[in-house]
Amino acid sequence: MPEAIGIDHIYISVSDLARAEPFYDQVLVAALGFRKNKFALAGDPHIQYFNRHFGFVLRPARSAAPHDSYAPGLHHFCLRVDSIADVLAVAEQLRSAGIAATEARLYPEYADDYWATFFSDPDGIRLEVTNYRQERRARHDHWV
């Protein structure tokens, strides 16, 4: 049976591409080292952020409905960094850029080594950055 080996890309529809771009530049390029390009698809402008693992693409929304994380659809998107120190650094970078990220801290109710920072994009899409926890590393390294 074929195994999915990763996420190739994620598309996010945004209400205002010009407003979303500087936010995602700060999060994905400045804080997390993604690269960026732009393209048009079916006449719609797109902004693609990518690293060696996957792409994160912004496209214009076709509806003015506000994002509701508790309606069917995306609840939140969590990005993983390698270490607790990386979570702390990302939270500080985002906060210094004026993004209302929470202080990075331990969330023992999720896991004994679960550190995270939480924030939302201009449309209210919830985002998180967490560390590569031991349970995830063990699952990856010892999958049978």
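**Quick word on the overall build of the protein**
- Within the protein, the regular secondary structure consists of three helices and eight strands.
- Reading the secondary structure of the protein in the N-to-C direction produces β-α-β-β-β-β-α-β-β-β-α.
- Dimensions along the principal axes, computed over C-alpha positions, put the protein at roughly 45 × 45 × 30 Å.
- Within the protein, the proportion of its 144 residues that are buried is 35%.
- Within the protein, residue pairs in contact and separated by at least 24 positions form 50% of the contacts whose partners lie at least 6 positions apart.
- Of the roughly 9000 Å² that the protein leaves accessible, carbon and sulfur atoms contribute 55%.

**Remarks on the sheet that holds strand β6 (residues 105–106)**
- Taken in spatial order, the four strands make up an open sheet running β5-β8-β7-β6, and their pairing is mixed. For this open sheet the edge positions go to β5 (76–81) and β6, each flanked by a neighbour on one side alone.
- The sheet contacts of helix α2 (residues 84–96) involve β5, β7 (115–120) and β8 (126–131), and relative to β7 the element is tilted by about 25°.

**So, the layout of surface pockets**
- Its volume calculated, the largest pocket comes out at about 1300 Å³.
- In this structure, the largest pocket is lined by 30 residues; those nearest its centre are G6, H53, F54, R80 and Y132.
- Listed by contribution, the elements that provide at least two residues to the lining of the largest pocket are β5, β8 and α3 (134–141).
- It is β5 that contributes the most residues to the lining of the largest pocket, six residues altogether.
- In this structure, the second largest pocket spans a volume of roughly 210 Å³.
- What lines the second largest pocket is S13, V14, S15, A61, S63, A64, A65, P66, H67, D123 and I125.

The rules behind each value
By convention here, each chain's residues receive numbers from 1 onward along its written sequence. The predicted nature of this model means local features are confined to residues of pLDDT at least 70 and side-chain atom pairs, given and counted, to a pLDDT of 80 or more, with totals for whole chains, interfaces and linings taken over all residues. To obtain the side-chain values, all non-hydrogen atoms of the structure were included, while hydrogens and water were left out. Each helix corresponds to a stretch of at least 4 residues labelled H or I by DSSP, and each strand to a stretch of at least 2 residues labelled E; elements are numbered beginning at the N terminus. Think of it in three bands: with a 1.4 Å probe and only protein chains considered, a residue is buried below 20% of the maximum accessible area for its type, exposed above 50%, and partly exposed in between. Two residues form a contact once any of their heavy atoms are found within 4.5 Å. Working definition of accessibility: Shrake-Rupley area with a 1.4 Å probe, residue cover restricted to the visible protein chains. We treat two strands as partners when DSSP finds at least two bridges between them. Axis definition: a line fit to C-alpha positions, over the contact stretch in the case of helices; interaxial angles, taken between N-to-C directions, run 0 to 180 degrees. Here a cavity is any set of points on a 1 Å grid over the protein atoms alone where a 1.4 Å probe fits but cannot get out, and a pocket is any open set with protein on both sides within 12 Å along at least 5 of 7 lines; a residue lines the site when it has an atom within 4 Å of a point. Grid points are joined across faces, edges and corners, and a volume is the space filled by probe spheres set on the points.

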